[in-house]
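In case you want the letters, here they are:
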Amino acid sequence: GGSSEPSTCWPPLLISIHDFLRDLNTHCKAAAHNGDCFWIVQVGVADMAAVGLSGGIPGQDRHDENTAAAASGEGKKHYYEQRIKNFEKYHERELKKREAAKAAADPVKITLPDGTIMPGIRNFTTPLEVASAISESLAKKCVVAKVDGVPWDLFRPLEADCALSLHNFGDEEGRETFWHSSAHLLGQALELEYGVDLTIGPALDEGYYYDCFMGERTLNTDDQMVIETRMRTSIKEAHEFQRVVVTRAEALEMFQENKFKIEIISGLPSSAVITVYRVGPMVDLCSGPHLPNLSHIKAVAVMACNRSFWRGDVKREGLQRVYAISFPDNKQLREYQHRIEEAKKRDHRLLGANQSLFFFHHLSPGSCFFLPRGARIHNALVQYIREKYWEYEYEEVISPNIYNFDLWHTSGHAEHYKENMFCFEVEKAEFGLKPMNCPGHCLMFAHRTRSYRELPLRYADFGVLHRNEYSGALQGLTRVRRFQQDDAHIFCRPAQVLQEVQTFLKILGEVYATFGLTYSMALSTRPEGYLGELDLWNQAEDALRAALESTGQQWTINEGDGAFYGPKIDICVFDALKRRFQCATVQLDFQLPIRFKLEYQSEEGRMERPVIVHRAILGSVERMFAILTEHYAGKWPLWLNPCQVCIVPITDSVYEFADGVRARLRAQHFFCEVDTSNNKMQKKVRDAKWVGDLRSCGAAEDHKEPEYTFWHSSISELGIMGCSVGEPLSRKPRR
């Protein structure tokens, strides 16, 4: 209970346990009605029987029944049924609108990608009907449409003259819709099996997940097959997706028993169009679009069950996150599962531990401890970029880690990024650890008068950055709180943007070619809420287009996906398993120069505003470290290898000789180690498989000078270095 004072409805003195139990039924309801707490006393079955309470505490059986029902979804059955009734009522409203549109027969023109114009009826003709008119086989393959560039359900009527494109699973738009729809299938299974409260279920680059609230209940590997079986059953039933538009009041009524959906609805802007989708017995708040029906899904697998938090906030409700994947055929599922198994073997967290590269500690969560071997790789990456900076005339600077919050108010981070910063008080003033370098570089530019002759001015900075990521979001080296970037900012004139971006893309190509990574590029253009002059935006976008064209590589365009302060080029890198990562970036910024009042003197003597080019190639060095660890599967190229030569003495008598060889190699700047452990020779060789050059040494039978030989999986790499079998390495490896 919450108070030591007895409730007024209880007797002032309880003579015996029998009296207490006899009065329990009478007083329990009164205490609850008054909002009082009451004590629960554990008693024996004999005591209960003595007062006619052999059934236990009143209501306990009913509570156990409700708990069991909720665990199987039965406890929410009434809520689910009422939700469907509401949906059917609103869906009937949509059908009447469509019938009225058919009767009105207001014509629309539908323009296909090849320029063909097809006729249709406003608010009646659907993209699926257009696809069927072209070809039945096309209609079967399509999973989603785009109307004037906006993703659109195949079963949703067209509302006006439009440009229409149709997409299948082979397209990025098609995969996203396929997996988003599959997330609803997963949500349906979770509701029916466990009676969960669903929260959000987005599509990922590969697959999808659904977060759900289950109280104290957790899911484990045994539950994965249960969920998977339920999903397969629903696929066989081929439920159709249906869409309705509802008012805020209707949405609140429909999801009144799910506090998470209520929170989402309540947070929507007043102008928001609220849509709800149904697939079988599952109804969900969603913006869509979705598949026509579940029959498009042929193969499904539940991959993992993890813990998460509502809104990613560890102070909020704990959730269960279920990851899954689905495909239009079983072959693609098998290929995916093979890649996942291979990825597990390459996990940088596992390899990092096995190769003694780094570790994390709970006393500094999200901050990596790089061991000597790991530090060698980290330093090699930074040094490589430094060489590129020297070649392309960047100037490296060092800026502070801590700034007064006046700086962050000027830059805008105080208003838009403070929750992701580490803030603290110093002498009654608020300070923050820097999460990025650009505001500090602006101070460097502004500390004296600048001339056009100094531009472009390229500031590079490897300073340590800190971002206050939620603990639940931390994941190895790919999501950390403390990290470094190959961060650089170019202050230039508008006319110099093209040349600077072209040069950056050239450096990018050289670095990624060295790593053996492929990449894609996309131009993100002016968004609706952009700031600045339209002419300047157009000039900047034209410069980025020209720079992309100059690379000779394919690129795509993301209309309206630029930042509010400038257009950008998004760059995604692909590793050996064809997984996609966002690392490099190049972004134009018109707003920071205004906020910091940056100026330079032009040829005419006027003070003009520079443009800032934000750019990075590795991005976070820690994240690139993780990507390369998995890309190489721990088999590092010699120039990055933290143990370039490993010497394995066969007998104790050659330890001194082995150490002498190590010293000679170290003098030539090679990372060399001697394995003097008590392990057998076979294990020593096996443990050193990832080493750049493995050598063994032992004394010959005539006790002359010890001899050595080597094993290496990449003889060609050693050949590039000018080494041959039986000859010692004589110079530092080149990339």
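This is a predicted model, so every value here is computed, not measured. (Residues numbered from 1 in each chain as written. Predicted model: local features only at pLDDT ≥ 70, side-chain atom pairs only at ≥ 80, totals over all residues. Heavy atoms only, no water.)

Participant: Please explain the overall build of the protein as it appears in this structure.
Facilitator: A tally of regular secondary structure across the protein gives 23 helices and 33 strands. For the protein, buried positions account for 47% of its 735 residues. Nonlocal contacts in the protein, meaning residues at least 24 apart in sequence, comprise 67% of its contacts between residues at least 6 apart. If you sum the accessible surface of the protein, you get close to 37,300 Å²; carbon and sulfur atoms cover 51% of it. (Helix = DSSP H or I, 4+ residues; strand = E, 2+ residues; numbered from the N terminus. Buried < 20%, exposed > 50% of the residue type's maximum accessible area, 1.4 Å probe, protein only. Contact = heavy atoms within 4.5 Å. Areas by Shrake-Rupley, 256 points an atom, 1.4 Å probe, with all protein chains shown as cover.)

Participant: I would appreciate a short explanation of the nonpolar core in the present structure.
Facilitator: Nonpolar side chains tend to gather and get buried jointly when the protein is soluble and globular. Residues Tyr512 and Phe515 are the most contacted members of the largest nonpolar core, which totals 66 residues. Among the elements that line this core, the one with the most residues is helix H17 (residues 497-515), at 9 residues. Counting 38 residues, the second largest nonpolar core, distinct from the first, contains Leu190, Phe241, Leu291 and Val300. (Core = buried A, V, L, I, M, F, W, Y, C linked by side-chain atoms within 4.5 Å.)

Participant: Can you help me understand the sheet that holds strand S8 (residues 241-246) in this one?
Facilitator: On the basis of which strands lie adjacent, the open sheet formed by 3 strands has the order S8-S9-S10 and antiparallel pairing. With partners counted over all chains shown, the strands left at the sheet margins are S8 and strand S10 (282-285), one partner each. Within the sheet, the average angular offset between the axes of one strand and its neighbour, ignoring direction, is 25°. Where strand S9 (residues 274-279) lies against S10, 4 bridges are found, and the strand directions are antiparallel. Within S10, the residue paired with Arg278 across the bridge is Val283. (Pairing = 2+ DSSP bridges. Axes fitted to C-alpha atoms, helices over the stretch in contact; angles between N-to-C directions.)

Participant: Explain the packing of helix H7 (residues 172-194) against helix H8 (residues 221-237) to me, please; I cannot follow it from the model alone.
Facilitator: At a minimum axis distance of 9 Å, the contact between H7 and H8 shows a crossing angle of 115°. When the axes of H7 and H8 are compared, the crossing they make is right-handed. Each of Ser182, Leu185, Leu186, Gln188, Ala189, Leu190, Leu192, Glu193 and Tyr194 in H7 lies in contact with H8, whose residues at this interface are Asp223, Val226, Ile227, Arg230, Met231, Ser234 and Ile235. Looking at the contact of H7 with H8, its residues break down into 10 nonpolar, 3 polar and 3 charged. (Left-handed = near helix turned anticlockwise from the far one by under 90°. Nonpolar A, V, L, I, M, F, W, Y, C, P; charged D, E, K, R; others polar.)

Participant: When you look at the pairing of strand S12 (residues 318-327) in this model, what are you seeing that I'm missing?
Facilitator: The side chains of a regular strand alternate, first on one face of the sheet and then on the other. Counting buried positions along S12 gives 9 out of 10 residues, so the element sits mostly inside the fold. When strand S7 (residues 208-213) meets S12, the two strands line up antiparallel, connected through 5 bridges. Looking at S12, one finds that Cys212 is bridged to Gln320. In this structure, strand S11 (residues 299-309) lies alongside S12, joined through 10 bridges in antiparallel fashion. Residue Ala299 lies in a different strand from S12, and its bridge partner there is Phe327.

Participant: Looking at this structure, I do not really get helix H21 (residues 655-667). What am I missing?
Facilitator: For the α-helix, the turn length of 3.6 residues means that residues three or four positions removed from each other point alike. Helix length check: H21, at 13 residues, gives a terminal C-alpha distance of 18 Å against a target of 18 Å (1.5 Å per residue), a fit within 8%. Inspection of H21 places Ala658, Val661 and Leu665 among the buried residues, and these make up the whole buried set. Buried residues of H21 fall within an arc of 60° about the axis and therefore sit on the same side. Exposed positions of H21 whose direction lies more than 90 degrees from the buried face are Glu656, Arg664, Arg666 and Ala667. Directly beyond the C-terminal end of H21, a positive phi value near 70° is found at His669. (Expected span 1.5 Å × (residues − 1). Arc of directions from axis to C-beta.)

Participant: When you look at the packing of helix H13 (residues 372-391) against H17 in this model, what are you seeing that I'm missing?
Facilitator: Geometry of a packed helix pair, given as the angle between the helix axes and the separation of the axes. In contact at an axis separation of 11 Å, H13 and H17 are set at 145° when each is read in the N-to-C sense. Pair H13 / H17 crosses with right-handed handedness. Counted together, Leu381, Tyr384, Ile385 and Lys388 of H13 and Ile507, Glu510, Val511, Thr514 and Phe515 of H17 form the full contact between these two elements. Looking at the contact of H13 with H17 residue by residue, the classes come out as 6 nonpolar, 1 polar and 2 charged.

Participant: So what exactly am I meant to see when it comes to unusual backbone geometry here?
Facilitator: Excluding glycine, residues mostly carry a negative phi; peptide bonds, for their part, are mostly trans. For the peptide bond that leads from Gly288 to Pro289, omega is -5°, which places it in the cis range. Assignment of secondary structure puts Pro289 in the loop between S10 and S11. The phi dihedral of Ala633 falls on the positive side, at around 55°, and the residue is not glycine. Relative to the elements of secondary structure, Ala633 occurs in the loop between helix H20 (621-631) and strand S30 (645-649).

Participant: Would you mind showing me how to read the packing of aromatic side chains here?
Facilitator: The relation between two aromatic rings is expressed through the spacing of the ring centres and the mutual angle of the planes. Counted under the stated rule, the structure contains 27 aromatic pairs. On the basis of an interplanar angle of 40° and a centroid distance of 5.8 Å, the ring pair of Tyr389 and Phe462 is categorised as tilted. Of this pair, Tyr389 sits in helix H13 while Phe462 sits in the loop between strand S19 (457-461) and strand S20 (464-466), and the two are 73 residues apart along the sequence. Both residues of the pair, Tyr389 and Phe462, count as buried. Arranged with centres 5.6 Å apart and planes meeting at 85°, the rings of Tyr403 and Trp408 form a pair that is edge-to-face. You can call Tyr403 buried: its relative accessible area is 9%. (Phe/Tyr/Trp six-rings, centres within 6.5 Å; stacked < 30°, edge-to-face > 60°.)

Participant: What am I meant to see in the pattern of salt bridges here?
Facilitator: Close approach of charged atoms allows side chains with opposite charge to pair. Taken as a whole, this structure holds 46 salt bridges when the rule is applied. With its nearest N and O atoms 3.3 Å apart, the salt bridge here joins Glu317 to Arg316. One salt bridge connects Arg458 with Glu500, and the closest N-O pair in it is separated by 2.9 Å. Taken together, the positions of Arg458 in strand S19 and Glu500 in helix H17 put the pair 42 residues apart, joining distant regions of the chain. Residue Arg458 is classed as buried on the basis of its relative accessible area, which comes to 18%. Under the relative-accessibility criterion, Glu500 is labelled buried at 5%. (Salt bridge = Lys/Arg side-chain N within 4 Å of Asp/Glu carboxyl O.)

Participant: What should I look at first to understand the layout of surface pockets in this one?
Facilitator: A water-sized probe, rolled over the atoms, reveals where empty space remains. When its volume is computed, the second largest pocket comes out at roughly 640 Å³. Secondary-structure elements contributing two or more residues to the lining of the second largest pocket are helix H4 (77-104) and S8. With 5 residues, the top contributor of residues to the lining of the second largest pocket is H4. Counted by class, the lining of the second largest pocket contains 8 nonpolar, 6 polar and 7 charged residues. (1 Å grid on protein atoms, 1.4 Å probe; cavity = no way out; pocket = protein on both sides within 12 Å on 5 of 7 lines; lining within 4 Å. Points joined across faces, edges and corners; volume = space filled by probe spheres on them.)

Participant: I tried to follow the side chain of Asn437 on my own but got confused; where do I start?
Facilitator: For Asn437, the location among the structural elements is in the loop between strand S18 (429-433) and helix H16 (438-446). At 2.8 Å, the side chain of Asn437 and the side chain of Lys434 are in polar contact. Setting aside chain neighbours within four positions, we find Asn437 in contact with Ser399, Asp461, Leu465, Asp487 and His489. (Polar contact = N/O pair within 3.5 Å; in protein donor to acceptor, adjacent residues only side chain to side chain.)

Participant: Is there a simple way to explain the side chain of Asp675 in this structure?
Facilitator: Tracing the backbone through its elements, the reader meets Asp675 in the loop between strand S31 (672-674) and helix H22 (681-687). The side chain of Asp675 is buried and forms no salt bridge, while Lys684, the nearest opposite charge, is found at 4.4 Å. At 2.7 Å, the side chain of Asp675 forms a polar contact with the side chain of Ser677. Here Asp675 is in contact with Cys646, Ile647, Val648, Pro649 and Lys684, once residues within four sequence places are set aside. (Lys, Arg positive; Asp, Glu negative; His and termini not counted.)

Participant: What exactly am I supposed to notice about the sheet that holds strand S16 (residues 402-404) here?
Facilitator: Adjacent strands of a sheet form backbone hydrogen bonds with each other and so pair up, either parallel or antiparallel. Taken in spatial order, the 3 strands line up as S16-S18-S17 in an open sheet, and their pairing is antiparallel. The open sheet is flanked by S16 and strand S17 (423-426), the only strands paired with a single partner. Adjacent strand axes in the sheet meet at a mean angle of 40°, parallel and antiparallel pairs treated alike. As judged from the 3 bridges shared by S16 and S18, these two strands associate in the antiparallel manner. Along S18, the bridge assignment pairs Ile402 with Leu433.

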